[in-house]
Amino acid sequence: MLTSSHVSNNGSYSNDRGAGFETEFAVDPASGGFFHTDFKKHDDLKEMLDSNKDSLKLEAMKRIIGMVAKGRDASMLFPAVVKNVVSKNIEVKKLVYVYLERYAEEQQDLALLSISTFQRALKEPNQLIRAGALRVLSSIRVKMISPIVMLAIRDASSDMSPYVRKTAAHAIPKLYGLDNELKSELVTIIQKLLADKTVLVIGSAVMAFTEVCPERVDLIHQVYRKLCALLVDVDEWGQVTIVNMLTRYARMQFADPNLHEHGDDSDRPFYDSGSDSSEKPAPTLDPDHRLLLRSTRPLLQSRNAAVVMAVAQLYHHGAPKSESLLAAKAMVRLLRSHVEVQSVVLNAIASISAQNKGMFEAYLKSFFVRTSDPTNIKLLKLEILTNLTTDSNVSIILRELQTYISNSDKKFVAATIQAIGRCACSINEVTDSCLNGLVSLLSNRDEAVVAESVVVIKRLLQTQAADPKEIITHMARLLDSITVAQARAAILWLLGEHSQKVPHIAPDILRKLAKTFSDEHDIVKLQVMNLAVKLYITNSEQTSLLCQYIFNLARYDQNYDIRDKARLLKQFIPRQEGKITSYATRIFLASKPAPLLQSQFKDLQLGSLSHYIKQRATGYEPLPPFPEHPPPSDVRNVEPIVTTEDSKPYKKSDKKSKDMFLWESGSSRGASSNNTSGSEDSSSSSESTSEESDSQYEEESSSEEKSGTKSSNSSSSEESSEEESEDERPKHEKSQISRPEPPKPKSNLDLLLDLSDLDSSIPVMTPSLGGFLTPSTIVSVNPLLIEIIPAIYTHTKSMELINKINGRGLSAIYRFTRSPHILSPSMANINIMFTNNINEDITDIRLGKKNLGMDMSIYDFANIPKLPPNGCLPATLGIDFNDTIQSANFEIVCSLGNFTVCVKPTIGELIRPIKMENVVFYEKQSKLGGMNEHVGHAKCVNNVTEKVLECTNLGVCGNPDGDTLRFAGQTLKSSNLILVTITNQETIIVNCENMVFGSVLLNELLHNLKT
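Residues numbered from 1 in each chain as written. Predicted model: local features only at pLDDT ≥ 70, side-chain atom pairs only at ≥ 80, totals over all residues. Heavy atoms only, no water.

K.L.:
Whenever I open this one, the sheet that holds strand 2 (residues 799-802) confuses me. Can you help?
P.N.:
By way of backbone hydrogen bonds, the strands of a sheet pair with one another, either parallel or antiparallel. Reading across the sheet, the 5 strands line up as 2-3-4-8-6 and stay open at both edges, with antiparallel pairing between neighbours. Edge strands, defined here as strands with exactly one partner in the open sheet, are strand 2 and strand 6 (857-859). The mean inter-strand angle of the sheet, taken between neighbouring strand axes irrespective of direction, is 35°. As paired elements, strand 2 and strand 3 (residues 810-820) share 3 bridges and run antiparallel to each other. Bridged to Ile 802 within strand 3 is Ala 812. (Pairing = 2+ DSSP bridges. Helix = DSSP H or I, 4+ residues; strand = E, 2+ residues; numbered from the N terminus. Axes fitted to C-alpha atoms, helices over the stretch in contact; angles between N-to-C directions.)

Pasting the structure below:
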């Protein structure tokens, strides 16, 4: 009986399905049926695409894209699909562009007919359509249209949407591959995209740079510090591209951080009590080099294995050895991932451990082999274990290797025996015990184990000074039972080398092998001839005839290598006269050096394809060496932008301007100091980004205020350094220079807000893709026109935090006060009231363990030492919800126990109220259209203003115009502008820079305002 699984999609029988696929019992809807002839194939889809109904076209396109996603050929539908590029339906058009991007290169002639349509689509208001049209244009591989594509890329690079600019960056390498004569124009566009401040664009711009003009290092100078500052916010694949590019940049622009450490304790154990590394000063790095290492360190905790590997190779190739240990823990963490990831990571660890044993010695047990590991993973772990072998852990490793001998995987067992041999060669103290263990394996029932043991014993005997007579005798007895060619050849080589020690056994072995010479493997035949010559030199009486017989057999062998070897060696047997015969003993019986253990990994870039396959792949570019005389760091200095309108206020607030342009000017000003941050960075590997920016600011301010004195390298406070510099100045300088008060530390987002104050910009519409919902270009807010006001409505209704039953007598309620928190305005201020419902004191009420979402934080309330019976005491808690309605989970700890509680905000509590005039309101609303505008319709209650202020902490703006009410606010964390308009008590319009926040706020308003 036939099922659909036995018939291919084109109606014919097919056996090309893999055994691992599940049986499909339903007919593929895109195939058009079972027994259709080829000319009627997909007729139903073509009819749907030709219909006038958008719903049918959309359904057909979904089915076609489904075919493409499954790897089925849908190219015959190209004429029917390409006609729909003019469709007015946006969903249909997006799917058509996805299809055309896949098949435009194959159907170039038909795609060329629609170029005018693609050009018109580049002007569409929808950013996804503009990006899709550019992708299709760049996918048409016809050199004739390269000027058109060039013009489209140039326009798209200036598009208001970062998603379109990102697409333009992706199109640049395609156009460069089509017409490399346009390189100069493309480099100009790349330079423009590299200066983009949107994290969505930066990764793609760097990718275009590495593909088109990686030699133009001057383009990176101006954006280097910005790339380091924004690296943590870029998408994961952008991070990989940027880190790889910055690795090459660091190798070309900075001095070798290990220049004075080569050969210094490279094999020292990881935890060596005799180590004096703590007493050695941290290596002095260029401030920009230190900035790169500090900026990439948080990425070691990334969930993406490629990001972690990129940072690990940066630390391996461009960081001091003392700091490369930071990457070890992150790489070991990746060993819990998929097998494919494990293979790449173990390959890198094996390469690193061959050069630096101490880096992974602390994680020795992580490399023990599991029975579920595939063979390639087992072999890599064995390589690492032998690399990590030291005097202190060799017994542990040998005990572990001993258990692997009984494994059923023959290849793994052979590698284990080789690993035992490598351990014996590297640690002289265990050579004898390893040799005895390998000799005992010669009696193993498994022939593969015996053969591999013979080969390893042969290598060990070359390094062993003891008499090998007994071992060789034992191995000679096994020669008849061993059939593996490599093992037989190893035994014969040992017999030849030590023939004088076994004078009675070696001739007899040669006699036996002369009988079976024609049937032996080629490698065995070569060793038989070597043995014959060596025995002739030491014992010619017994072996001269055997030698002649063997060489006569070899003379007519099918293998030309054996014939050539016989012709050469025959010159040393009797009746041959020549000068060479007098050197026979020195040639064949000379002492051979012991084999050297060499790593199989070549000096290739860690994590690259070439490193993985252990040879240079096509297109591999080796890492440049560190320069002997690195270029000056001044090339990376970027002057802050000063607007002509606000030049005077800018000069007055000098420190504020420095704080604004932290990534641009921070490192350059810090270059005048002796890299205080470098030593701090090496001493603590867990400091946060905000602490780093604060310390960097302190260094800048202290170096600016000293202005004529030498920089200090001490770790004293900023106030003391300023007092010392004041004393060193002349008195007339003190009167001229005023000391401004240091500003409060600001978060990165505050810095961006300050930066946007200097120049108003157009709002950016970001695509509705996961992870990029908040635009990075923030609409500027003029403090003269917009005023932050106190909350108009204050909640009196409280919510239960701890029930008195669950709290064993302790109860608590909380409410949002809608007032700014004393620590940070980005925190919601929450009032908690604790009540003691039992007849004894409750002591030590405090905050315990916190379980918070990403970027959320809590400022603890002050500990309550004692709460008397039937007493009530308040506490103030600050929570930064990061502009999300995720609940904050934490524990309340007291003498009664630990109680897990949860505080979940409504969207309206994450707003601070602001006030503005109607003219300003209209201006801001006009800039927040498109995807930043959310509209809802509902019949509202009569007291709309009271209801709005009750459910949201908004401010009332201007005077109402007829039936129109306006409210405004800002999000607590990001200070994103929120505008709410209610017209005729029916239409609610929410304009917000954060699209997700605006959508949730609209739903909240609709829920509370419905009658």
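K.L.:
I tried to follow the pattern of salt bridges on my own but got confused; where do I start?
P.N.:
Pairing is possible between side chains of opposite charge, provided their charged atoms come close. Enumeration over the complete set of coordinates arrives at 30 salt bridges. Across the pair Glu 323 and Arg 290 runs a salt bridge whose closest N-O atoms are separated by 2.6 Å. Remark: Arg 290 occurs in helix 15 (residues 287-296) and Glu 323 occurs in helix 17 (residues 321-324); sequence separation between them is 33 residues. Taking the relative accessible area as the measure of exposure, Glu 323 reaches 4% and is therefore buried. Between Asp 557 and Lys 525 there is a salt bridge; the shortest N-O distance is 2.7 Å. (Salt bridge = Lys/Arg side-chain N within 4 Å of Asp/Glu carboxyl O. Buried < 20%, exposed > 50% of the residue type's maximum accessible area, 1.4 Å probe, protein only.)

K.L.:
So what exactly am I meant to see when it comes to the packing of aromatic side chains here?
P.N.:
Any pair of aromatic rings gets described here by the distance separating the centres and the angle formed by the planes. For the coordinates displayed, the defined rule picks out 11 aromatic pairs. Among the aromatic side chains, those forming a connected cluster through ring pairs are Phe 78, Tyr 99 and Tyr 103. Taking NZ or CZ as reference, Arg 102 lies 4.5 Å from the ring centre of Tyr 103, over its face. Cation over ring: Lys 525 sits above Phe 517, and NZ or CZ is 5.9 Å from the ring centre. (Phe/Tyr/Trp six-rings, centres within 6.5 Å; stacked < 30°, edge-to-face > 60°. Lys NZ or Arg CZ within 6 Å of the ring centre and 35° of its normal.)

K.L.:
Explain the confidence of the model for the protein chain here, please?
P.N.:
Detailed reading of the predicted coordinates is not advisable wherever pLDDT falls low. Within the protein chain, residue pLDDT values average 78, and 77% of them lie at 70 or more. A low-confidence stretch, residues 263-280 stays under pLDDT 50, and its non-local contacts, those more than four residues away or across chains, total 18 contacts. Confidence drops under a pLDDT of 50 for residues 641-781, and excluding neighbours within four residues, the segment shows 187 contacts in the predicted structure. (pLDDT = per-residue confidence, 0-100. Contact = heavy atoms within 4.5 Å.)

K.L.:
It is not clear to me how the nonpolar core should be interpreted in this structure. Could you clarify?
P.N.:
Soluble globular proteins tend to pack their nonpolar side chains together in the buried interior. In terms of nonpolar packing, the biggest core is built from 200 residues, with Tyr 99, Leu 100, Phe 360 and Phe 367 touching the most fellow members. Residues in contact with Phe 360, not counting those within four places in the same chain, are Ala 328, Met 331, Val 332, Ile 349, Ile 352, Phe 367 and Leu 388. (Core = buried A, V, L, I, M, F, W, Y, C linked by side-chain atoms within 4.5 Å.)

K.L.:
I would appreciate a short explanation of unusual backbone geometry in the present structure.
P.N.:
Excluding glycine, residues mostly carry a negative phi; peptide bonds, for their part, are mostly trans. Of note in the backbone geometry, Arg 808 takes a positive phi value of approximately 60° without being a glycine. Structurally, Arg 808 can be placed in the loop between strand 2 and strand 3. Even without glycine at this site, Gln 985 takes up a positive phi of about 55°. Taking relative accessible area as the criterion, Gln 985 reaches 32% and is therefore assigned partly exposed.

K.L.:
What exactly am I supposed to notice about helix 25 (residues 469-477) here?
P.N.:
One turn of the α-helix equals 3.6 residues, which is why residues spaced by three or four share an orientation. All of the buried residues in helix 25 are Ile 471, Ile 472, Thr 473, Met 475 and Ala 476. Summarising the contacts, the buried residues of helix 25 are in contact with helix 23 (431-440), helix 24 (447-463), helix 26 (485-497) and helix 27 (505-515).

K.L.:
What is the right way to look at the packing of helix 2 (residues 54-69) against helix 4 (residues 90-103) in this model?
P.N.:
Working note: a packed helix pair is described by the angle between its axes plus the distance between those axes. Where helix 2 contacts helix 4, the two axes come as close as 9 Å, and the packing angle between them is 30°. On the basis of their axis angle, the class for helix 2 and helix 4 is roughly parallel. In terms of crossing hand, the pair formed by helix 2 and helix 4 is left-handed. Contacts from Asp 54, Lys 57, Leu 58, Met 61, Lys 62, Ile 64, Ile 65 and Val 68 of helix 2 reach helix 4 at Glu 91, Val 92, Leu 95, Val 96, Val 98, Tyr 99, Arg 102 and Tyr 103. (Parallel < 35°, antiparallel > 145°, perpendicular 65-115°, else oblique. Left-handed = near helix turned anticlockwise from the far one by under 90°.)

K.L.:
I would appreciate a short explanation of the side chain of Ser 295 in the present structure.
P.N.:
Here Ser 295 shows up in helix 15. Polar contacts involving the side chain of Ser 295 include one to the main-chain carbonyl oxygen of Leu 291, which spans 2.7 Å. With residues up to four places along the chain from it excluded, the contact list for Ser 295 reads Cys 228, Leu 231 and Val 232. (Polar contact = N/O pair within 3.5 Å; in protein donor to acceptor, adjacent residues only side chain to side chain.)

K.L.:
Looking at this model, I keep getting lost on the sheet that holds strand 7 (residues 864-867). Mind explaining?
P.N.:
If you walk across this open sheet you meet the 4 strands as 7-5-9-10, and the pairing is antiparallel. The open sheet terminates on both sides in strands that have one partner only, identified here as strand 7 and strand 10 (897-903). Taken pair by pair, the neighbouring strands of this sheet meet at an average axis angle of 35°, ignoring direction. Sheet analysis places strand 5 (residues 842-851) next to strand 9 (residues 888-894), joined by 4 bridges and oriented antiparallel. Pairing of Arg 846 across the sheet is with Val 893, part of strand 9.

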